[in-house]
Amino acid sequence: MENTSNLNNLDLGNNQGATVPLPSTSAEDYVNDPVLEEQWAMKAFQHAETYFNLLSTIDPRQFRLTRHDDQIYSRFREVFPKLKIDVLDENELKSAEGKQQWRTFCEEFRELVDDYNYGTLVRTDAQGEYSSENTILVVRVQFYAIEIARNREGFNDSIRNIFGRKK
């Protein structure tokens with residue numbers, strides 16, 4: 001499959017294909033360590049690349065991101081019924097009120113979702129690919145909530161046609 005993503009433009013150094021061991025303890029234990037920050041960025045990059053490749057080849061309405069998709073989606077739409085997910089507003093997500101709402105939401109999944117608070121890249125515009133202009137950092141369960149909703153509500157439907165394999 002041809003990789004048409006702009007993930008390589010995220011300026012993560014020359015280690016994009018490298019396998020980097022990650023620390024096994026909480027990220028809070030490693031404040032401002034550039035080596036660890038790069039390792040976390042590489043892992044987030046690899047996750048984003050894998051997810052985008054899936055979106056480019058599979059009908060997003062047909063696959064599940066976790067075994068808890070139904071619960072995550074249901075709770076997401078209870079807590080954020082009007083959140084616009086086709087194009088995310090980073091200011092809304094990261095405002096003081098937004099952060100508090102998301103923190104409470106995410107903590108509900110602490111025991112249910114592995115690495116629920118792991119840094120993960122999400123596309124701000126569902127119609128676009130990952131790029132430095134179209135990517136923000138969120139925690140894993142936040143990514144799941146947004147992307148499960150995008151898949152179920154049809155916002156990721158065009159990715160396969162736009163970025164998938166050319167005939």
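Everything that follows concerns the structure shown earlier in this document.
Parameters at a glance
- Residues numbered from 1 in each chain as written.
- Predicted model: local features only at pLDDT ≥ 70, side-chain atom pairs only at ≥ 80, totals over all residues.
- Heavy atoms only, no water.
- Helix = DSSP H or I, 4+ residues; strand = E, 2+ residues; numbered from the N terminus.
- Buried < 20%, exposed > 50% of the residue type's maximum accessible area, 1.4 Å probe, protein only.
- Contact = heavy atoms within 4.5 Å.
- Axes fitted to C-alpha atoms, helices over the stretch in contact; angles between N-to-C directions.
- Parallel < 35°, antiparallel > 145°, perpendicular 65-115°, else oblique.
- Left-handed = near helix turned anticlockwise from the far one by under 90°.
- Nonpolar A, V, L, I, M, F, W, Y, C, P; charged D, E, K, R; others polar.

Visitor: Provide a residue-level description of the side chain of Arg-77, including the pertinent values.
Guide: Here Arg-77 shows up in helix α2 (residues 69-79). On the basis of relative accessibility, which here comes to 18%, the residue Arg-77 falls in the buried class. The residues contacting Arg-77, other than those within four sequence positions of it, are Lys-82, Leu-83, Ile-85 and Glu-153.

Visitor: Could you give an account of the packing of α2 against helix α4 (residues 96-107), naming the residues involved and the relevant values?
Guide: The interhelical angle for the contact between α2 and α4, taken along N-to-C directions, is 155°, at an axis separation of 11 Å. Considering the angle they form, α2 stands roughly antiparallel to α4. Regarding α2 and α4, the two cross each other, and that crossing is right-handed. Every residue of α4 that contacts α2 at Ile-72, Arg-75, Phe-76 and Val-79 is listed here: Gln-101, Trp-102 and Phe-105. Split by residue class, the contact of α2 with α4 holds five nonpolar, one polar and one charged.

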